[in-house]
Amino acid sequence: MSIVPGAVAVRRTLATLAACAVALLLGAALAAASANALADNWVGRSLPGYQWTGSGYYAANLWWEGVEAETSSSVCVGPVQKSGGGWVAPYGWTCGRTSITWNHPLITGMAAVYNPNPGTIPYFKALAYYG
Amino acid sequence: VHTNITPSALVTAALACLPVGCGQAHEATLPAPRLAAFDAPPTAEDRVSHEVATALAQSLRPEFSSQDIRAARRVLLDHPGWLVPAANGEVCLVHVVYPTVSELGGATLPPATAHACAPESAALGEGIVESQSLTSGTYARTARIVGVVPNDVGTVTITSRAGVRTAATVIRNAYEAVIQEPVAISFVVHRHGRLYTHVVGVRVVHARSRSPVDRPTY
């Protein structure tokens with residue numbers, strides 16, 4: 001009987017179509033999520049010693065930040081939040097000579113970089129992700 | 001004709017339809033780092049927590065493959081911390097950071113993950129050192145020091161601004177200590193039959209202002 005192979009073929013075709021529809025929906029969901037995601041790539045120049053600066057982008061859903069600085073000494077990075085009239089670092093700051101990165105639960109905040117050295121950091125690159 | 005589409009068949013077919021290479025964790029083929037912590041096979045005690053594994057899988061710089069995450073070695077005793085090889089060949093000291101404020105805006109903050117990475121050659125040479133401030137302000141008197149040192153280093157000495165020297169025991173290439181105003185880490189290594197003392201400066205947050213310079217507008 002040839003009806004069994006035919007039924008299998010129909011099942012496979014329908015399964016594939018249904019699965020591709022699911023894949024399209026997943027793709028659309030991913031695209032929507034990506035549309036909401038934001039990479040805040042910024043650079044800083046001439047950050048004086050013992051001073052800190054922020055990316056300028058303060059928003060919800062901050063979850064990742066990192067920094068690479070042009071210095072043979074250390075650099076610090078951390079997420080900061082507004083609190084009252086000032087700022088707080090809800091997870092503190094991490095300082096190191098190497099590549100420092102953070103991954104934390106979604107918060108409303110801004111990526112910040114601090115120069116812990118007496119001398120000026122001439123250039124740094126920082127990156128933060130939201131969403 | 002009845003068409004029974006099982007969930008497993010649907011998932012299998014859906015995965016087949018999805019584009020390849022979505023930026024998810026990938027398998028690495030790099031050899032294990034030469035740090036002694038990686039000499040023995042990983043055990044159940046080395047396994048990173050689900051939260052840390054998720055954070056590593058999401059990490060953008062560097063990236064960690066699932067094999068990298070499985071290769072993690074637990075290194076800090078008092079604090080959750082691991083040595084993890086990264087997909088780019090670096091070695092990373094990954095540790096959990098607890099919030100400095102119990103809640104903010106009515107929301108309780110869960111722990112975060114921080115990692116300091118360096119090429120393996122650097123980790124085997126000058127090591128990795130990282131300071132973590134324990135306050136939410138921009139002046140941290142007290143900091144947690146975590147670091148990685150080359151093989152065969154048993155102790156590091158952490159010197160404070162006041163000149164107090166504190167010894168920290170190295171376990172599986174790593175150490176940690178909570179120190180008031182740390183300024184330097186030192187350790188002794190054997191090279192070519194001689195002893196060398198490595199001194200690495202440590203910095204903590206000690207800002208002169210509570211506000212950012214060139215404060216941007218929002």
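On a predicted model such as this, the values are computed, not experimentally measured, just so you know.

Asker: What exactly am I supposed to notice about the pairing of strand 7 (residues 128–133) of chain B here?
Answerer: Two faces belong to every sheet, and in a regular strand the side chains alternate between them. All names here are of chain B. Counting buried residues in strand 7 gives six out of six residues, a clear majority hidden from the surface. In strand 7, alternate side chains face the same way, and those of Ile 128, Glu 130 and Gln 132 on one face and Val 129, Ser 131 and Ser 133 on the other are all buried. Across six bridges, strand 7 lies against strand 8 (residues 142–148) in antiparallel orientation. If you follow Ser 131 over to strand 8, its bridge partner there is Ile 145.

Asker: I keep staring at the sheet that holds strand 12 (residues 182–191) of chain B and nothing clicks. Help me out?
Answerer: Strand pairing in a sheet is mediated by backbone hydrogen bonds. Such pairs are either parallel or antiparallel. All names here are of chain B. An order of 10-9-12-13 is seen for the four strands of this open sheet, with the pairing classed as antiparallel. Of all the strands in the sheet, just strand 10 (165–169) and strand 13 (194–201) have a single pairing partner and so form its edges. Neighbour-to-neighbour, the strand axes of the sheet open up by a mean angle of 25 degrees, direction not taken into account. Where strand 9 (residues 155–160) meets strand 12, four bridges bridge the pair, whose relative direction is antiparallel. Residue Thr 159 lies in a different strand from strand 12, and its bridge partner there is Ala 184.

Asker: When you look at the packing of aromatic side chains in this model, what are you seeing that I'm missing?
Answerer: The relation between two aromatic rings is expressed through the spacing of the ring centres and the mutual angle of the planes. Summed over all chains, the structure comprises nine aromatic pairs over all chains. Seen from their ring centres, Trp 52 of chain A and Trp 87 of chain A are 6.0 Å apart, and the 85 degrees between their planes marks the pair as edge-to-face. Highlighted residues: Trp 52 of chain A in strand 2 (residues 52–54) and Trp 87 of chain A in strand 5 (residues 86–88), separated in sequence by 35 residues. Considered together, Trp 52 of chain A and Trp 87 of chain A belong to a single accessibility category, that of buried residues. When the centroid spacing of 5.9 Å and the interplanar angle of 75 degrees are considered together, the rings of Trp 64 of chain A and Tyr 129 of chain A count as edge-to-face. Residue Trp 64 of chain A is located in strand 3 (residues 59–69), and its partner Tyr 129 of chain A is located in strand 8 (residues 121–130); the two are separated by 65 residues in the primary sequence. Here Tyr 129 of chain A falls in the partly exposed class, since its relative accessible area comes to 23%. Joined through ring pairs, the aromatic side chains of Trp 52, Tyr 58, Trp 87, Trp 93 and Tyr 114 of chain A make up one cluster. Seen from the ring of Tyr 58 of chain A, Lys 82 of chain A lies directly overhead, with NZ or CZ sitting 4.6 Å from the centre. In this structure, Arg 74 of chain B packs its charged tip against the face of Trp 82 of chain B, placed 5.6 Å from the ring centre.

Asker: Please clarify how the pairing of strand 3 of chain A should be interpreted in this entry.
Answerer: Residues and elements named next belong to chain A. The sheet contact formed by strand 3 and strand 7 (residues 99–114) spans six bridges and is antiparallel. Paired with Leu 62 across the two strands is Ile 107, which belongs to strand 7. Across seven bridges, strand 3 lies against strand 8 in antiparallel orientation. Bridge pairing links Leu 62 to Tyr 130 in strand 8.

Asker: Please explain the nonpolar core as it appears in this structure.
Answerer: The nonpolar side chains of a soluble globular protein tend to be buried, and buried together. With 41 residues, the main nonpolar core has Val 67, Trp 102, Val 113 and Phe 124 of chain A together with Leu 35 and Leu 83 of chain B as its most contacted residues. Counting residues in each nonpolar core, the second largest holds 18 residues, with Val 129, Ile 145, Val 200 and Val 204 of chain B among its members.

Asker: Looking at this structure, how should I read the confidence of the model for chain A?
Answerer: Note that predicted coordinates carrying low pLDDT should not be read in detail. All names here are of chain A. Here chain A averages 79 in pLDDT, while 73% of its residues score no lower than 70. Within chain A, strand 2 carries the highest mean pLDDT (94), whereas helix 1 (residues 3–36) carries the lowest (49). This stretch, residues 19–35, has a pLDDT under 50; its non-local contacts, to residues over four places away or in other chains, come to nine contacts.

What counts as what
- Residues numbered from 1 in each chain as written.
- Chains lettered and ligands numbered in written order.
- Predicted model: local features only at pLDDT ≥ 70, side-chain atom pairs only at ≥ 80, totals over all residues.
- Heavy atoms only, no water.
- Buried < 20%, exposed > 50% of the residue type's maximum accessible area, 1.4 Å probe, protein only.
- Helix = DSSP H or I, 4+ residues; strand = E, 2+ residues; numbered from the N terminus.
- Pairing = 2+ DSSP bridges.
- Axes fitted to C-alpha atoms, helices over the stretch in contact; angles between N-to-C directions.
- Phe/Tyr/Trp six-rings, centres within 6.5 Å; stacked < 30°, edge-to-face > 60°.
- Lys NZ or Arg CZ within 6 Å of the ring centre and 35° of its normal.
- Core = buried A, V, L, I, M, F, W, Y, C linked by side-chain atoms within 4.5 Å.
- pLDDT = per-residue confidence, 0-100.
- Contact = heavy atoms within 4.5 Å.

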